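Given next are the chains, with one letter for each unit.
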There are 4 protein chains.
Amino acid sequence: MVIVMRADATEAQRRAVVDRVTELGLTPHVSVGEHRTIIGCIGDEDRLRELPLLSLAGVETVLEVDKPYKLASREYAAGPTILSLGTGMVGDGAFAVMAGPCSVEGREMLLTTARAVRDAGAVAVRGGAFKPRTSPYSFQGLGPEALEMLAQARDEVGLPVVSEVLDTRHVALVAEHVDVLQIGTRNMQNFALLNEAGLSGKPVLLKRGMSATLDDFLLAAEYVLNTGNRHVMLCERGIRTFERAMRNTLDIAAVPFLKRETHLPVVVDPSHAAGRRDLVRPLALAAVAAGADALLVEVHPDPDRARTDGDQSLNLNQFAELMGELEALRGALAPVSSAPPSR
Amino acid sequence: MVIVMRADATEAQRRAVVDRVTELGLTPHVSVGEHRTIIGCIGDEDRLRELPLLSLAGVETVLEVDKPYKLASREYAAGPTILSLGTGMVGDGAFAVMAGPCSVEGREMLLTTARAVRDAGAVAVRGGAFKPRTSPYSFQGLGPEALEMLAQARDEVGLPVVSEVLDTRHVALVAEHVDVLQIGTRNMQNFALLNEAGLSGKPVLLKRGMSATLDDFLLAAEYVLNTGNRHVMLCERGIRTFERAMRNTLDIAAVPFLKRETHLPVVVDPSHAAGRRDLVRPLALAAVAAGADALLVEVHPDPDRARTDGDQSLNLNQFAELMGELEALRGALAPVSSAPPSR
Amino acid sequence: MVIVMRADATEAQRRAVVDRVTELGLTPHVSVGEHRTIIGCIGDEDRLRELPLLSLAGVETVLEVDKPYKLASREYAAGPTILSLGTGMVGDGAFAVMAGPCSVEGREMLLTTARAVRDAGAVAVRGGAFKPRTSPYSFQGLGPEALEMLAQARDEVGLPVVSEVLDTRHVALVAEHVDVLQIGTRNMQNFALLNEAGLSGKPVLLKRGMSATLDDFLLAAEYVLNTGNRHVMLCERGIRTFERAMRNTLDIAAVPFLKRETHLPVVVDPSHAAGRRDLVRPLALAAVAAGADALLVEVHPDPDRARTDGDQSLNLNQFAELMGELEALRGALAPVSSAPPSR
Amino acid sequence: MVIVMRADATEAQRRAVVDRVTELGLTPHVSVGEHRTIIGCIGDEDRLRELPLLSLAGVETVLEVDKPYKLASREYAAGPTILSLGTGMVGDGAFAVMAGPCSVEGREMLLTTARAVRDAGAVAVRGGAFKPRTSPYSFQGLGPEALEMLAQARDEVGLPVVSEVLDTRHVALVAEHVDVLQIGTRNMQNFALLNEAGLSGKPVLLKRGMSATLDDFLLAAEYVLNTGNRHVMLCERGIRTFERAMRNTLDIAAVPFLKRETHLPVVVDPSHAAGRRDLVRPLALAAVAAGADALLVEVHPDPDRARTDGDQSLNLNQFAELMGELEALRGALAPVSSAPPSR
């Protein structure tokens, strides 16, 4: 933490800040500059983080130095985290695609989709049982019934299944039926849910909040990691900006940024970023080129009849075609090292 | 709903869209323009809202006409909603201030604050028992113990109390101890929580999500209203923008916009918008001038020692002074009519 | 400037940074922390500002300490800047309203409006001669002819006139005809134009760029001030955010923030922020309550027939009514001190 | 244009709107819905675009149907626009890289860089002579002297040169010395400059404004096209969002979106988006994968000593390496058709 004093701060104000920092067990280093004095605070920054320093008399601004996340940080990990998903792997060069319908609409459509995405090379099936919907009048998913179908699809098709959980009270039930718990963008800072999901022991696919900075995102992951569950995947799915031509703005630079800051695998969801089918393919290719460890893609056997997100779902052929292109692309990319990129 | 066809759409594509709309029970009105054809869809727009129309061949864009919220809309209400808060009222000219510490840190500090804000004219006491914190390493509130203190403060001081609920599993407990359930900005789209809070029957203070449009905000309120609970207050507390000089950007225009669109009372939280003490006063005054029905203000007996949000908390004197200014300001404003402002 | 070294930075990397800083004439203060080492750089921060420090080996981040603007800063001024506008004054408690049509559409409409806003208490008339339009097919203003009309209106009505300048080649011409040069939001970082406008010696009304941070805004003002022209007014007119219900998001907190940081007067344009007539009044009231020194309001004798911005223009009666409300409001506000608000 | 009437609009209000539309030469189509009446306006939408319709009594909202740009639109062009740049081509499958220093700092460094980027496969050299700088105290470029150096570099190295123009008064001078005029992000809506640049007859590289929607961007291009100059390249360089970990947020989806909407070539500048060297490579790869027609990359022989943008500049080796990777990547991508992607 660096405390910057106002240009007109008095000696007494400066001393009061120094005393406060010392009292909290940190060591202040005062550097008197031409215009401003800065006080570097050496020690456990966490002790200062929540305290009101900005409003102490004479303080102009407070700059954080340490990163607020620890377990999510590359510095605290021996190496990159690699997750097993059935026979597939995610992380550090082990590329994977998870695909399936936005909502599980029925047994048949789920099995058809699951078989098709498996045959095209996906390592896991996604499918929504509980759907978070902006309007209370929208279809909210088939719920427990859909969980049964997902469990059945796993057995019949042989791929692990991913599904979203919305409520702390459902974590146990969802964890019983599926292999990966998804935390959606609207719940990225539902800390009670992060905690429960972590405690389930299941891998967690954590989607970035629509307005979450990358620091916020890593701190949300930290909640899960802090339960002792190290199986976390970070999923960039677009952020909310002034540009509304697309459903969300895919923050493609988040991929290499996160790869540098954290050991966790980075997934990209091109479907929610795009919001429309014709943009899914270029965004998927871009994500892989930028270094994503995995993709999460919405696929539906008949998108024009889908109950949710049909506009952004690929049909089975489009998905198979995309998988071919992704493979060609990955073959052309230089191997990605597990070391953080040097500058 | 208006469907706009691409300039190069074929007659067959147009017919397919018309058929789809008809099949769904709406009446299509086709207007052939110079460059584009538009298809107005008359009927229950909700049936179309979730369907994939954008990706039908030849469709360029889909424009919504009806508002997606109903119960929250002025059109569906007989008049403005006015809530009772103890001896105070909120809504339609009945101005009120709710104030208190960010976190309940102990019995004494809570009682001191509660008495002071009551004496200064506040109608309710706010105080956090469960705190949503960006980092898992931050102080998370005193939990159930703080709820007991809040209930006791209500009894001793005679003001209703407001506290945030974070988890569906805590709704009953919180509702037992406090008078108003607050849903925080991070949970504005935690739909399970909105539902439970609504079912509790307690008034709900709903904070706008950091990146929620005003439509999203009203739809979140709709979740609560849809449980049959009509006691909802909408709280603007700043949105996330590129400007980081302030903690959040107070969207002051949201106040008159919401007053026009909805019958629900509009509250402003200047403390979280400002993020620093010296900006709280001007934002509070601006909120009242813009027509807010109520304010939610963080007050602490010793902000420089507060465990959370000390930088943005007023001390007891500053709050009392602010209350005096607010009263003078309200006296000078022309009376606000309950009718939606005409243009 | 504070340079933060990566946790894994080597001693040699640290030394290289220290050497670089010393070589540039600044004094490095090294504080070795538990996780990170920070290097405070004491001296003329401007020398470091443009240099590539972030990409030196081992550097994690670079934090600025000094403010990049000088002449615009409170610290560099003896007191608040107060501008004379005809018989009116702007700045530090001397409140003023500038009003008039978006575009000068003709002699008669301009004179009618000018007389009406004068009679209602405005101290200056605004009117567009050169209009910046998003589309090349939109009405671009009457140009030089409108400048003549503005000069004539000044003579006949006795109020100074404000008009926008878009092109360095027009600065002399516009300065010859009007009393205040407006620099629009799209040209806030048209540095050549800022420079020419400054050199004209006329007061400059500088509008905030749609995506300009407050630091960017003050640096744009610095360009004008740096020409030796101290007559600059800063105009908040809304920023671009994800919320599109309003034309722009009025950043109301910018008002008290700027009042604290700079000695320059702060103007608010509620018309462009609102984009619709019924929101102009509450935003104008909020701006005054937040401490604005002046308002800039679009007024038209027949807004429903206006060639530009009719949707957000007040008619003459609405403006007169607003002026009455503003006066009542200002009477109720505690006097604003010229001292920067203490925290 | 579709005009949506308020639910409570009267028959007289509806008629007044219909009359107004008719009076303007368009044909209104009224569709009476359950809650709202919509009025489709068939005819030349441009006539309505600037008029105040939103504030007519009873009008709730106004929805645009036609696109505001014409010459930039795919619909108005026979096929994709392909530009010649020396021996290279840009547009529709003809991929190109333009590279060079942020600022021309001297003859030697420019020639060294120009030769290196040519040898690595770039088709044009970029170099700043006039630099737009946020602070007036920053290095503003070598100006006319740098233009001479650029002209000389073209002659000696045999590549066309690209340089930014900031002021209408400099267009002729810059056009005399360089092959492509760059309009920077801060001047995207400097309409006088767009006009002059267009009239110069030189190809124009137009950078997207930091807060420009894609519609705004295409309308800015329309200004250039409207002068009769068809040689326009659109350059995505990152937009301003709440995320500040990167200098800007690269809007990667803008690439396929623009490829669908316009016939103009789409360029990506990964350097300004990234703001730091280690992110340039992944963003460049992503841009190519997403379908960009060209890249604009900052390269410097000694980035750690660069006077501007050193943190985001590649050195000569890093650039050559990147060119190799780009080539491999392009080889792996399926050929891009010139047809607009079907949905």
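All figures in this text were calculated on a predicted structure; none of them were measured in a lab.

So, the overall build of chain A
Looking only at helices and strands, chain A has 11 helices and 14 strands in total. Principal-axis analysis of the C-alpha atoms places the extent of chain A at approximately 75 × 45 × 40 Å. For chain A, buried positions account for 66% of its 343 residues. As displayed, chain A has an accessible area near 10,500 Å², and 48% of this comes from carbon and sulfur atoms. In chain A, 36 positive and 44 negative side-chain charges are present, and the distance between their average locations comes to 2 Å.

Some remarks on the interface of chain D and chain C
Facing the 55 residues of chain D at the interface are 55 residues of chain C. Each partner contributes to the roughly 4,500 Å² buried at the junction of chain D and chain C, and carbon and sulfur atoms together form 45% of this total. Where chain D packs against chain C, one counts 6 salt bridges. Residue Glu196 of chain D pairs with Arg169 of chain C through a salt bridge whose shortest N-O separation is 3.3 Å. Inspection of the region where chain D meets chain C yields 34 residue pairs in polar contact (both at pLDDT 80 or more). Among the secondary structure elements, those contributing two or more residues to the side of chain D that touches chain C are α1 (11–23), α6 (191–199) and α7 (214–225) of chain D.

Notes on the confidence of the model for chain A
Residues and elements named next belong to chain A. Summing up the model confidence of chain A, the mean pLDDT is 93 and the portion of residues at 70 or higher is 97%. Note on residues 337–343: pLDDT under 50 across the span, and 17 contacts to partners over four residues away in sequence or across chains. This complex was scored by the predictor with a pTM of 0.95 and an ipTM of 0.94.

Topic: the relation of the copies chain B and chain C
With an axial shift of 0.0 Å and an RMSD of 0.0 Å, the rotation relating chain B to chain C amounts to 180°. Such a combination of rotation and displacement between the chain copies is what one expects of a two-fold axis. The rotation axis passes nearest to the C-alpha of Ala286 of chain B in chain B, at a distance of 2.1 Å. Here 100% of the interface residues in chain B have copies in chain C that are interface residues too; the copies meet face to matching face.

Observations concerning the relation of the copies chain D and chain C
Each copy of the sequence occupies a distinct position, and chain D is placed on chain C by a rotation of 180° and an axial shift of 0.0 Å, giving an RMSD of 0.0 Å. Most of the interface of chain D is mirrored in chain C, where 100% of its interface residues are also at the interface.

Re helix α11 (residues 316–332) of chain B
Between its first and last C-alpha atoms α11 of chain B spans 25 Å; for 17 residues at 1.5 Å apiece the expected length is 24 Å, and the two agree. Taken together, the buried positions of α11 of chain B are occupied by Phe319, Leu322, Met323, Glu325, Leu326 and Leu329 of chain B. Packing partners of the buried residues in α11 of chain B comprise β7 (96–100), α3 (107–120), α10 (277–289) and β14 (294–298) of chain B together with α11 (316–332) of chain C. Two or three places before Asn317 of chain B, at the start of α11 of chain B, stands the capping residue Asn315 of chain B, its side-chain oxygen 3.1 Å from that residue's backbone nitrogen.

Some points on the packing of α7 of chain D against helix α8 (residues 254–261) of chain D
Residue and element names in this part refer to chain D. Look at α7 against α8: their axes get within 12 Å of each other, and the N-to-C directions meet at 50°. One way to sum up the angle between α7 and α8 is to call them oblique. Along this stretch, α7 crosses α8, giving a crossing that reads as right-handed. Here Leu214, Phe217 and Leu218 of α7 come into contact with α8, specifically with Ala254, Phe257, Leu258 and Glu261. Its residues assigned to classes, the contact of α7 with α8 shows 6 nonpolar, no polar and 1 charged.

Let's talk about the pattern of salt bridges
Under the criterion given, the structure shown has 108 salt bridges over all chains. For Asp8 of chain B, the salt bridge goes to Arg6 of chain B, with nearest N and O atoms at 3.3 Å. The residue Arg14 of chain D makes a salt bridge to Glu11 of chain D at a minimum N-O spacing of 3.3 Å. Separated by 3 residues within a single helix, Arg14 of chain D and Glu11 of chain D lie in helix α1, roughly one turn from each other. Under the relative-accessibility criterion, Arg14 of chain D is labelled buried at 19%.

Here's the deal with the interface of chain B and chain C
Accessible area lost when the parts come together is the quantity often used to give the size of an interface. At the interface, 41 residues of chain B touch 41 residues of chain C. Linking chain B with chain C are 4 salt bridges, by the criterion used here. The salt bridge partner of Asp278 of chain B is Arg260 of chain C, with a shortest N-O separation of 2.4 Å. In this structure, the connection of chain B to chain C is made through 6 residue pairs in polar contact (both at pLDDT 80 or more). Of all the secondary structure elements, the ones that give two or more residues to the side of chain B that touches chain C are α8 (254–261), α10 and α11 of chain B.

Here we look at the pairing of strand β10 (residues 180–183) of chain D
All names here are of chain D. Here β10 shows a buried face lined by Val180 and Gln182 and a second buried face lined by Leu181 and Ile183. Bridge count between strand β9 (residues 161–164) and β10: 3 bridges; the pairing is parallel. Pairing of Glu164 across the sheet is with Gln182, part of β10. After leaving β9, the chain enters helix α5 (residues 171–177) and then returns to the sheet as β10, a path that is right-handed.

Here's the deal with the sheet that holds strand β13 (residues 266–268) of chain D
Residues and elements named next belong to chain D. With parallel pairing, the 8 strands of this closed barrel are ordered in space as β7-β8-β9-β10-β11-β12-β13-β14. Taking each pair of neighbouring strands and ignoring which way they run, the sheet shows an average axis angle of 25°. Pairing analysis gives 3 bridges linking strand β12 (residues 232–236) to β13, with the strands arranged parallel. Bridge pairing in β13 places Glu236 opposite Val268. Contacting β12 and β13, α8 crosses the sheet at an angle of about 165° to β13.

A word on the side chain of Lys67 of chain D
Looking at the element boundaries, Lys67 of chain D is found in the loop between β4 (59–63) and β5 (83–85). We classify Lys67 of chain D as buried; its relative accessible area is 18%. A polar atom in the side chain of Lys67 of chain D sits 2.4 Å from the side chain of Glu261 of chain D. If we skip the residues at most four places from it in the chain, Lys67 of chain D touches Arg36 and Glu60 of chain B together with Arg49, Glu75 and Glu261 of chain D.

Topic: the sheet that holds strand β2 (residues 27–32) of chain D
All names here are of chain D. Judged by pairing direction, the sheet is antiparallel, and its 4 strands sit side by side in the order β2-β3-β1-β4 without closing on themselves. A single partner strand is all that each edge strand has here, and the edge strands are β2 and β4. Along the sheet, successive strands turn relative to each other by an average axial angle of 20°, direction set aside. Pairing of strand β1 (residues 2–5) with β4 involves 4 bridges; the strand directions are antiparallel.

Description of the packing of aromatic side chains
If you walk through the whole model with that rule in mind, you get 4 aromatic pairs over all chains. Ring geometry for Phe191 of chain D against Tyr223 of chain D: centres 4.5 Å apart, planes inclined by 25°, an arrangement best described as stacked. Of this pair, Phe191 of chain D sits in helix α6 while Tyr223 of chain D sits in helix α7, placing them 32 residues apart in sequence. With respect to burial, Phe191 of chain D and Tyr223 of chain D carry one shared label: buried. A cation sits over an aromatic face here: Arg307 of chain A above Phe139 of chain A, 3.7 Å from the ring centre.

With respect to unusual backbone geometry
Not every positive phi belongs to a glycine, and Asp309 of chain B is a case in point at roughly 55°. Along the chain, Asp309 of chain B falls in the loop between β14 and α11.

Criteria and cut-off values
Residues numbered from 1 in each chain as written. Chains lettered and ligands numbered in written order. Predicted model: local features only at pLDDT ≥ 70, side-chain atom pairs only at ≥ 80, totals over all residues. Heavy atoms only, no water. Helix = DSSP H or I, 4+ residues; strand = E, 2+ residues; numbered from the N terminus. Buried < 20%, exposed > 50% of the residue type's maximum accessible area, 1.4 Å probe, protein only. Areas by Shrake-Rupley, 256 points an atom, 1.4 Å probe, with all protein chains shown as cover. Lys, Arg positive; Asp, Glu negative; His and termini not counted. Charge placed at Lys NZ, Arg CZ, Asp CG, Glu CD. Contact = heavy atoms within 4.5 Å. Buried area = accessible area lost by both parts, 1.4 Å probe. Salt bridge = Lys/Arg side-chain N within 4 Å of Asp/Glu carboxyl O. Polar contact = N/O pair within 3.5 Å; in protein donor to acceptor, adjacent residues only side chain to side chain. pLDDT = per-residue confidence, 0-100. Least-squares fit on C-alpha atoms with pLDDT ≥ 70 in both. Expected span 1.5 Å × (residues − 1). Axes fitted to C-alpha atoms, helices over the stretch in contact; angles between N-to-C directions. Parallel < 35°, antiparallel > 145°, perpendicular 65-115°, else oblique. Left-handed = near helix turned anticlockwise from the far one by under 90°. Nonpolar A, V, L, I, M, F, W, Y, C, P; charged D, E, K, R; others polar. Pairing = 2+ DSSP bridges. Right-handed = clockwise from strand over helix to strand, strands pointing away. Phe/Tyr/Trp six-rings, centres within 6.5 Å; stacked < 30°, edge-to-face > 60°. Lys NZ or Arg CZ within 6 Å of the ring centre and 35° of its normal.

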